Structures are given as C-alpha cells and as structure tokens.
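Residues per chain are reported as follows:
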Amino acid sequence: MAAPMEQAVRDFLAPLGFEVYPFKVHRANNVGWYNAILQPGFHLQYQEDTLAFVVLSTPSMFEKAFKPFISQQLLQRVRDPVDECVSYYISALKKSLPEQKVDVMYDYEMLPSRRPKVLIQTAAHVAGAAYYYQRSDVQGDPWGEKKMYGVCIHPQFGGWFAIRAVLVFPDVQAPSLKQKAPADCIASDEKRIALLESFNFRWKDWEYRDFVDVQERYSEEQKTYFATPPSERLNLLGLQGELEDGSHY
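Calculation criteria
- Residues numbered from 1 in each chain as written.
- Predicted model: local features only at pLDDT ≥ 70, side-chain atom pairs only at ≥ 80, totals over all residues.
- Heavy atoms only, no water.
- Helix = DSSP H or I, 4+ residues; strand = E, 2+ residues; numbered from the N terminus.
- Rg over C-alpha atoms; globule rule 2.2 N^0.38 Å.
- Buried < 20%, exposed > 50% of the residue type's maximum accessible area, 1.4 Å probe, protein only.
- Contact = heavy atoms within 4.5 Å.
- Areas by Shrake-Rupley, 256 points an atom, 1.4 Å probe, with all protein chains shown as cover.
- Lys, Arg positive; Asp, Glu negative; His and termini not counted.
- Charge placed at Lys NZ, Arg CZ, Asp CG, Glu CD.
- Core = buried A, V, L, I, M, F, W, Y, C linked by side-chain atoms within 4.5 Å.
- 1 Å grid on protein atoms, 1.4 Å probe; cavity = no way out; pocket = protein on both sides within 12 Å on 5 of 7 lines; lining within 4 Å.
- Points joined across faces, edges and corners; volume = space filled by probe spheres on them.
- Nonpolar A, V, L, I, M, F, W, Y, C, P; charged D, E, K, R; others polar.
- pLDDT = per-residue confidence, 0-100.
- Pairing = 2+ DSSP bridges.
- Axes fitted to C-alpha atoms, helices over the stretch in contact; angles between N-to-C directions.
- Parallel < 35°, antiparallel > 145°, perpendicular 65-115°, else oblique.
- Left-handed = near helix turned anticlockwise from the far one by under 90°.
- Arc of directions from axis to C-beta.

Asks: Can you walk me through the overall build of the protein in this structure?
Replies: In terms of regular secondary structure, the protein is built from seven helices and six strands. Each helix and strand of the protein, ordered N terminal to C terminal, gives the series α-β-β-α-α-β-α-β-β-β-α-α-α. What you see for the protein is a C-alpha radius of gyration of 18 Å, in line with the 18 Å of a compact globule of 249 residues. Seen through its principal axes, the protein has C-alpha atoms that stretch 55 × 50 × 40 Å. The proportion of buried residues among the 249 residues of the protein is 50%. Partitioning the contacts of the protein with sequence separation of at least 6, the portion at a separation of at least 24 is 70%. As displayed, the protein has an accessible area near 12,500 Å², and 49% of this comes from carbon and sulfur atoms. Counting 27 positive and 32 negative side-chain charges, the protein places the averaged centre of each group 2 Å from the other.

Structure representation (structure tokens):
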C-alpha cells in the first residue's frame, strides 16, 4: 500500500511546486531510519515500519502555490503567509484522502517542552531528500565551543528550497521500503567548513545556497519577499496587518 500512497501524495503536491520523499519512522531490517539515529527524547511514537513523507517546497512553489493562494484571498492572517499557504494545501491533501489518517508536523511546530515536534532536517536526510551537513561531518572541527547549526543542501536546488512538513500515515506500514542515501554534494572538508560558516555567520547574504551548481533559484520577486522583514510582508503583498515573526524560507 505504500507505493500507491506515495503516488497519491506526490500527484497532489508536485503540481504545486512541492517534492515528496518517503521514509520510515523506525529501524527495520537493521537499517537506520529516523528514530534509529536520534536520542529517545526526539523519537516519534509510531509502530515499526510506519510510513512517513517529508515535504519540500522548491523554487516554483512561489508561483504555483503561494501566489494563487494570496490572489484567491485565502489568507487568514494567523501566521506567516507562506506557512499558512503550506498548511492550506496539506489540509487539502488530507481531505483528498478521506480513508486515511494523516498526522502532520510542520517545521515550526513545538512541543510543550519547547522541543521541535520533528527534527525536520534529520527527516530530509534519512528520506534521501537533501544531505544534512553538520559539524560532525567535518574532520578536525575548527570551531571549539562555538555553536554551529547544520544545514541541508539539495542536489538540484542547493539551498534554494525549504523543508516544510512531515506527514505520517499511522495505519500504513511499509516493510519493503528501501532507504536511499541523500546525495553528498559537498565532499571536501574545506567546502563543508566554508558552507557551515557561510550558513551560520553570513546567512543573510544567501551565499550558502549556491555551494553546488543549482538547476533553479528563487525568482527576484521571491527573493524580495523573503528579504523583507516578516512584519512588513503583508504590506508587500498589498494586504494590511502584522504577522508573527516566525517565518521560514
């Protein structure tokens, strides 16, 4: 049942500029999936072989999903407009699958403990969607006590994409799903160090997004939107009001 479910999810979301990658929550057949590489406090509580998907937005999502969402005046002005757009279409996906239970965890959602509901970059890595580069991927860590955040790089889009959500199908088991390793696009220590420093220290210049040869980038309009402070984005869209400062791009 996993393959038809994957096709149904992909058929719904791909025309809107999203990519979908399947993964399993648990370890199965001695293969490490999401829970297998995390501390117990971060585990997702589902049965062995439970099917899940990580959802990415590609550069085309802005034109294919976000602008139509805004033009149709669907925005409720509760959160960031892009977050709300993603939620709208994923809710529509759930309605298109009335026989299936679907648990959704968005990239910005937190537990009462203030831990993320899901470690979204880890999910992207184990699903083979994008390689999650962390300081542990560098030989001879040069940063000492300094905190360094990791970053996912997509083989076609580099850093010009976003990881938006994880969908879990609790009633669908995928025992035969094979794990696909993410493409390791940045093989040398020198480039990995440069990538992590660019992301951590100079993320606003967006240089980290171009550490690989990319097939598509954000349009100039999209760059302008994401470069605008969240509190001013409604005005940029020709709308009134203020937003919560919790946007992701």
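Asks: How should the nonpolar core be read in this particular structure?
Replies: Looking at soluble globular proteins, one finds that nonpolar side chains tend to be buried together. By size, the foremost hydrophobic cluster in this structure holds 53 residues, and its most contacted members are Val 9, Leu 167 and Phe 169. Leaving out residues up to four positions away in the same chain, Val 9 has contacts with Val 20, Phe 53, Leu 93, Leu 97, Leu 167 and Phe 169.

Asks: I'm lost on the layout of surface pockets in this one. Help?
Replies: In this approach the atoms are scanned with a rolling probe the size of a water molecule, which exposes any empty space left behind. Here the second largest pocket defines a volume of roughly 150 Å³. Residue lining of the second largest pocket: Glu 6, Arg 10, Tyr 21, Pro 22, Trp 33, Val 126, Ala 127, Gly 128, Leu 177, Lys 178, Gln 179 and Lys 180, and that is the complete set. Only helix H1 (2-13) and strand S1 (18-24) provide two or more residues apiece to the lining of the second largest pocket. When the residues that make up the lining of the second largest pocket are grouped by side-chain class, the tally is six nonpolar, two polar and four charged.

Asks: For this particular structure, what's the right way to read the confidence of the model for the protein?
Replies: Interpreting fine coordinate detail is not advised for predicted regions of low pLDDT. For the protein, the average pLDDT comes to 90, and 92% of its residues sit at 70 or higher. Note on residues 241-247: pLDDT is under 50 here. Beyond four places in sequence and across chains, it has 19 contacts.

Asks: Would you take a moment to explain unusual backbone geometry for this structure?
Replies: Leave glycine aside and you will find that most residues have negative phi; peptide bonds, for their part, are mostly trans. Positive phi is not limited to glycine here, since Arg 114 has a value of about 75°. Relative to the helices and strands, Arg 114 is located in the loop between strand S3 (103-106) and helix H4 (120-126). Looking at Arg 114, the relative accessible area reads 60%, which means it is exposed.

Asks: Got a minute to help me understand the environment of Phe 211 in this structure?
Replies: Inspection of the secondary structure puts Phe 211 in the loop between helix H5 (189-201) and helix H6 (220-227). For the pair formed by Phe 211 and Asn 35, sequence separation is 176 residues and the distance between their alpha carbons is 29 Å. Those residues in contact with Phe 211 that lie beyond four places of it in its chain are Ile 186, Lys 191, Ala 194, Leu 195 and Ser 198.

Asks: What is the right way to read the pairing of S3 from this model?
Replies: As a general feature of sheets, a regular strand has side chains that alternate between the two faces. Side chains Asp 103 and Met 105 of S3 all project onto a buried face; the interleaved residues Val 104 and Tyr 106 project onto the opposite face, where all are buried too. Relative to strand S6 (residues 162-173), S3 is paired through four bridges, and the arrangement is antiparallel. Bridged to Val 104 within S6 is Leu 167.

Asks: Explain the packing of H1 against helix H3 (residues 81-96) here, please?
Replies: When two helices pack together, their arrangement is given by the angle between their axes and by how far apart the axes lie. Relative orientation of the contacting elements H1 and H3 amounts to 135°, with a least axis distance of 10 Å. What the angle tells us is that H1 and H3 run oblique. As H1 packs across H3, the resulting crossing turns out to be right-handed. From H1, Val 9, Phe 12 and Leu 13 reach across to H3, where they touch Tyr 89, Ala 92, Leu 93 and Ser 96. Of the residues contributing to the contact of H1 with H3, the split by class is six nonpolar, one polar and no charged.

Asks: Quick question: what am I supposed to make of helix H2 (residues 61-71) here?
Replies: Note: α-helices contain 3.6 residues per turn, so residues at a spacing of three or four share the same orientation. Listed as buried for H2 are Met 61, Phe 62, Ala 65, Phe 66, Phe 69 and Ile 70. Seen end-on, H2 carries its buried residues on one side only, within an arc spanning 120°. The inward-facing, buried residues of H2 abut S1, strand S2 (50-57), H3, S6 and H6. Looking one or two residues beyond H2, the residue adopting positive phi is Gln 73, at roughly 55°.

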